[in-house]
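# Structural overview
Given next are the chains, with one letter for each unit.
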Amino acid sequence: MASHMAHAHRETRRQIMFDEALPVDHRLNQVYRVGAGLMGLFLLAFGILGLTDNIGFFDTGGNTAVGLNTNGALSVLSICVGLLLFVGMVVGGNFASTLNMVLGVLFILNGFLFLALLDTDSNFLAFRIQNVLFSFVVGIVLMAFGMYGRVSTNLPHDNPYWRARHPEAEQRALTAGDQVR
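All of the points below concern the structure found in this document.

Procedures and definitions
Residues numbered from 1 in each chain as written. Predicted model: local features only at pLDDT ≥ 70, side-chain atom pairs only at ≥ 80, totals over all residues. Heavy atoms only, no water. Helix = DSSP H or I, 4+ residues; strand = E, 2+ residues; numbered from the N terminus. Buried < 20%, exposed > 50% of the residue type's maximum accessible area, 1.4 Å probe, protein only. Contact = heavy atoms within 4.5 Å. Areas by Shrake-Rupley, 256 points an atom, 1.4 Å probe, with all protein chains shown as cover. Patch = residues over 30% accessible without salt bridge, like charges linked within 9 Å, V, L, I, M, F, W, Y side chains within 5 Å. Salt bridge = Lys/Arg side-chain N within 4 Å of Asp/Glu carboxyl O. Core = buried A, V, L, I, M, F, W, Y, C linked by side-chain atoms within 4.5 Å. Expected span 1.5 Å × (residues − 1). Polar contact = N/O pair within 3.5 Å; in protein donor to acceptor, adjacent residues only side chain to side chain. Axes fitted to C-alpha atoms, helices over the stretch in contact; angles between N-to-C directions. Parallel < 35°, antiparallel > 145°, perpendicular 65-115°, else oblique. Left-handed = near helix turned anticlockwise from the far one by under 90°. Nonpolar A, V, L, I, M, F, W, Y, C, P; charged D, E, K, R; others polar. Phe/Tyr/Trp six-rings, centres within 6.5 Å; stacked < 30°, edge-to-face > 60°.

## Structural notes on the overall build of the chain
- Tallying secondary structure elements over the chain gives eight helices and two strands in all.
- Scanning the chain from its N terminus toward the C terminus, one meets helices and strands in the order α-α-α-β-β-α-α-α-α-α.
- The buried share of the chain, taken over its 181 residues, is 39%.
- Residue pairs in contact within the chain that sit at least 24 positions apart in sequence constitute 68% of those at least 6 positions apart.
- For the chain, the exposed surface amounts to about 10,700 Å²; the carbon and sulfur share of it is 66%.

## Structural notes on a nonpolar patch on the surface
- Together, L84, V87, V91 and F95 line one region of the surface with nonpolar side chains, adding up to about 320 Å² of accessible area.
- Within the secondary structure, V87 sits in helix 4 (residues 72-91).

## Concerning the nonpolar core
- Core analysis: the largest hydrophobic core is formed by 14 residues, its most contacted members being F46, L74, F114, L125, F127 and V132.
- Elements with a minimum of two residues in this core: helix 4, helix 5 (93-117) and helix 6 (129-147).
- Not counting chain neighbours up to four residues away, the residues in contact with L74 comprise F46, N69, L125, F127 and N131.
- M39, L85, L103 and V138 belong to the second largest nonpolar core, which has ten residues in total.

## Re helix 4
- The terminal C-alpha atoms of helix 4 lie 29 Å apart, and with 20 residues this matches the ideal 28 Å at 1.5 Å per residue to within 8%.
- Along helix 4, the residues classified as buried are G72, A73, L74, S75, S78, I79, V81, G82, L85 and G88.
- A side-chain oxygen of the first residue of helix 4 lies 3.2 Å from the backbone nitrogen of A73; this N-cap is N71.

## Notes on the environment of L113
- Here L113 shows up in helix 5.
- Along the sequence, L113 and N123 sit ten residues apart, while their C-alpha atoms lie 9.5 Å from each other.

## What about the environment of L125?
- Its location among the elements puts L125 in the loop between helix 5 and helix 6.
- With 55 residues separating them along the chain, L125 and T70 place their C-alpha atoms 6.9 Å apart.

## Focus: the packing of helix 5 against helix 6
- The N-to-C vectors of helix 5 and helix 6 enclose an angle of 160 degrees; their axes lie 7 Å apart at closest approach. Considering their axes alone, helix 5 and helix 6 lie roughly antiparallel with respect to each other. Both helix 5 and helix 6 take part in a crossing whose hand is left-handed.
- Across the contact of helix 5 with helix 6, the residue classes tally to 17 nonpolar, eight polar and no charged.

## Topic: the packing of aromatic side chains
- Within the structure shown, the criterion is met by four aromatic pairs.
- Ring centres of F114 and F127 lie 4.4 Å apart, and the angle between their planes is 25 degrees; this geometry places the pair in the stacked category. Of this pair, F114 sits in helix 5 while F127 is found in the loop between helix 5 and helix 6, placing the two residues 13 residues apart along the sequence.

## Thoughts on unusual backbone geometry
- Backbone geometry places D119, a non-glycine residue, at a positive phi of 60 degrees.
- Mapped onto the secondary structure, D119 falls in the loop between helix 5 and helix 6.
- In this structure D119 comes out as exposed when scored by relative accessible area, which is 75%.
- The backbone phi angle of A126 is positive, close to 60 degrees, even though this residue is not glycine.
- As for its placement among the helices and strands, A126 is situated in the loop between helix 5 and helix 6.
- For A126, a relative accessible area of 0% translates into the label buried.

Spelled out as C-alpha cells, the structure:
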C-alpha cells in the first residue's frame, strides 16, 4: 500500500526542465552573466599574457604570468575557457548558470589532478601549488555563481526554480488568485 502511494505521488510530480525555468529577464540572469564574464576576462588576460612571453608549448620551466606558472598549452587552454565563459555571458540565463557550474566542477577536478601531478614528469601544464589553489578558488567561485538562486532549500516562492519544483503550489496560487477576482 505504501509503495503504491509513493508510486502514485511520483507519477503526478512534474519533471523539472531547468532550460525552461528561468525567464530571460529574471534578475538571476545578471548573476550568471557577471560570474561568467569576470572569470572569462581573467582567464583571457592570463592566457594572452602567457602567450606574449613566447614560452614553449609544453615547457615546464618557471615562466609566470599574473603570479601563476604557465606554458603555451596552459595559455591556449585558458584563452579557450575564457572565450567559452564569454559565450556564456553573452547567452546568459540557464546556459550561463549550467556552464558556470560545469566549469566550476572541472576546475576543482583539475586542481586535484594537478595536485597529484606536482613535481612529476606528467605535469604537462607546468602547474605549481599557486596554480592548484587558483584552480580550486576559481572552481568554487564559478560553482557559486552558477548555483546562486538555483540550488537551495530556502528559495523564495517567486523564484522560477522553486516554481518549477513545486507546480502544485504554483497552480494553487493561480487558482486562488482567480477566485479572488
